[in-house]
Amino acid sequence: MDYKNAGVDIEAGYRSVELMKEHVRRTMRPEVLTGIGGFSGAFSMEAFKHMEKPTLVSGTDGVGTKLKLAFLMNRHNTVGIDCVAMCVNDIACAGGEPLFFLDYIACGRNVPERIAAIVSGVAEGCSQAGAALIGGETAEMPGFYPVDEYDLAGFAVGVVDEKDLITGASVKPGDVLVGMASSGVHSNGFSLVRKVFTMKEEYMNTHFESLGRTLGEALIEPTKIYVKALRTVKEAGVAIKGCSHITGGGFYENIPRMLPEGVRAQVKKDSYPVPPIFKMLAVDGRIEEQMMYNTFNMGIGMVMAVDPAQADACMAAVREAGETPYLIGEVRAGEKGVDVC
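Note that this is a predicted model, so its numbers are computed, not measured.

Student: Summarise the overall build of the protein chain; cite the residues concerned and give the values.
Tutor: Along the protein chain, the regular secondary structure elements total twelve helices and twelve strands. In terms of C-alpha radius of gyration, the protein chain reaches 21 Å, essentially the compact-globule figure of 20 Å for 341 residues. The C-alpha extent of the protein chain, read off along each of the three principal axes, is 70 × 55 × 30 Å. Burial statistics for the protein chain: of 341 residues in total, 53% are counted as buried. Of the contacts made within the protein chain by residues no fewer than 6 positions apart, 84% connect residues no fewer than 24 positions apart. For the protein chain, the computed accessible surface area is about 15400 Å², with 51% contributed by carbon and sulfur atoms.

As structure tokens, then:
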């Protein structure tokens, strides 16, 4: 008996590392002090000594049951972008600059080419965010995961000068809400998605005129990474008073997280176009409107609260960064919360 007979192929692990190295290399930043394959990753903070009070911000998340779609479609090179996005967007909406990322892949069987495809997506997400893929772990766990399935999670660290933290404390009545368009469902709500749609390969490959592509292509579209857009807004001199990443819990859970007590957000439903995938979900699943806004991003992946005098400059900066902005509402006095009307 040996480890391979027990279900763990050490040679496949070595092969996976070799295949992923080319993807990892393109994420490197000058602050990275260690190479690929060490026991830990080292990152120099020397470049941030100019900050008055350098503050680390962190985030961790996974892709969730969207992975079931990747298994069904046998498409593994985009879920890594989702994983990075879920972590770095949280850091960015606190005002932080993502510095480095670590991934964790647990699988039933190590297929080197598949692991490399997953890491290629992680590397692409890191490149979009300007973060170094500084380390990670691939755990082969036969008997725990099915042989053709895996889980993917990650952890990111960023930095911000304490005075530049976006806390929401200064949000006040009269401020406006600027939303940035999402790319679709992103990585939240897929447990409901999988109940609404028939999770069969043939159905996922069905082309729908309303979507302009197959259902599978619309659903697996990776999560937007808003790091560049938020940085561009800041560089334009716009003060982002509050910022909310619209993830699980949709509008109703996430927008209040950026509000202080005594103010209430009002989001106008007709202020932007809701992507057709959400309309399809609502109709096919017979999902009530409030539940849609309480589960999905409904086409808005990031919301900023800014002074109305800076709204135009904010939207111009978002466009400059290649994203699509919408003026979606305002802040009013009232009990902390959000109205979607």
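Student: Give me helix α10 (residues 276-285): which residues, what numbers.
Tutor: Listing the buried residues of α10 in full gives Ile277, Phe278, Met280 and Leu281. Projected down its long axis, α10 shows its buried positions confined to an angular sector of 160°, all on one face. Relative to its buried face, α10 has exposed residues pointing more than 90 degrees away, namely Lys279 and Val283. Buried-residue contacts for α10 involve α5 (190-196), α6 (201-204), β6 (207-208), α7 (215-220) and α11 (289-293). Directly after α10, the chain includes Arg286, whose backbone phi takes a positive value near 50°.

Student: Any chance you could break down the environment of Ile36 for me, citing the residues and the numbers?
Tutor: Locating Ile36 in the fold gives a position in the loop between α1 (10-25) and β1 (54-62). With a relative accessible area of 34%, Ile36 lands in the partly exposed category. Separated by 203 residues in the primary sequence, Ile36 and Ala239 place their C-alpha atoms 38 Å from one another. With residues near it in sequence (within four places) discarded, Ile36 still touches Lys21, Val24 and Arg25.

Student: Explain the state of the cysteines residue by residue, including any values.
Tutor: All told, the structure shown has zero disulfides when counted by the stated rule. Considering cysteine sulfurs only, Cys83 is the nearest to Cys126, which forms no disulfide, with 9.0 Å between them. Accessibility expressed as a relative area gives 0% for Cys126, which makes it buried. Take Cys243: it sits in no disulfide, and the sulfur closest to it among the cysteines is that of Cys93, at 4.7 Å.

Student: So, the side chain of Asn89: which residues are in play, and what are the values?
Tutor: The residue Asn89 is located in helix α3 (residues 79-92) in this model. For Asn89, a relative accessible area of 0% translates into the label buried. Apart from residues no more than four positions distant in its own chain, Asn89 is found in contact with Thr223, Lys224, Ile225, Tyr226, Val227, His245 and Met302.

Student: Tell me about the sheet that holds strand β4 (residues 150-161), residues and numbers included.
Tutor: As summarised here, the arrangement of the four strands in space is β1-β4-β2-β3, forming an open sheet in which the pairing is mixed. Each of the sheet's edge strands pairs with one partner strand only, and the pair in question is β1 and β3 (132-140). Put simply, the sheet's adjacent strands are angled 15° from each other on average, direction ignored. In this structure, β1 lies alongside β4, joined through nine bridges in antiparallel fashion. When the bridges of β4 are listed, Gly62 appears paired with Ala153. Here helix α4 (residues 112-129) sits on the sheet in contact with β2 (97-107), β3 and β4, set at roughly 165° to β2.

Student: Hey, could you go over the packing of aromatic side chains for me, with residue numbers and the actual values?
Tutor: Within the structure shown, the criterion is met by eight aromatic pairs. Both rings, one in Phe71 and one in Tyr150, keep their centres 4.9 Å apart while their planes meet at 75°; by these two values the pair is edge-to-face. In this pair, Phe71 is assigned in helix α2 (residues 66-73) and Tyr150 in strand β4, connecting sequence segments 79 residues apart. Consider the rings of Tyr272 and Tyr326, whose centres lie 5.9 Å apart with planes at 40°: the pair is tilted. Of this pair, Tyr272 sits in the loop between β9 (263-267) and α10 while Tyr326 sits in strand β11 (residues 325-333); the two residues are 54 residues apart in sequence, bridging distant segments of the chain. A residue is classified by how much of its surface remains accessible, and Tyr272, at 6% relative accessible area, is buried. Through a chain of ring-to-ring contacts, three or more aromatic side chains come together here, namely Phe197, Tyr203 and Phe208.

About the cut-offs
- Residues numbered from 1 in each chain as written.
- Predicted model: local features only at pLDDT ≥ 70, side-chain atom pairs only at ≥ 80, totals over all residues.
- Heavy atoms only, no water.
- Helix = DSSP H or I, 4+ residues; strand = E, 2+ residues; numbered from the N terminus.
- Rg over C-alpha atoms; globule rule 2.2 N^0.38 Å.
- Buried < 20%, exposed > 50% of the residue type's maximum accessible area, 1.4 Å probe, protein only.
- Contact = heavy atoms within 4.5 Å.
- Areas by Shrake-Rupley, 256 points an atom, 1.4 Å probe, with all protein chains shown as cover.
- Arc of directions from axis to C-beta.
- Disulfide = S-S within 2.5 Å.
- Pairing = 2+ DSSP bridges.
- Axes fitted to C-alpha atoms, helices over the stretch in contact; angles between N-to-C directions.
- Phe/Tyr/Trp six-rings, centres within 6.5 Å; stacked < 30°, edge-to-face > 60°.

Worth remembering: the numbers are spatial, not functional.
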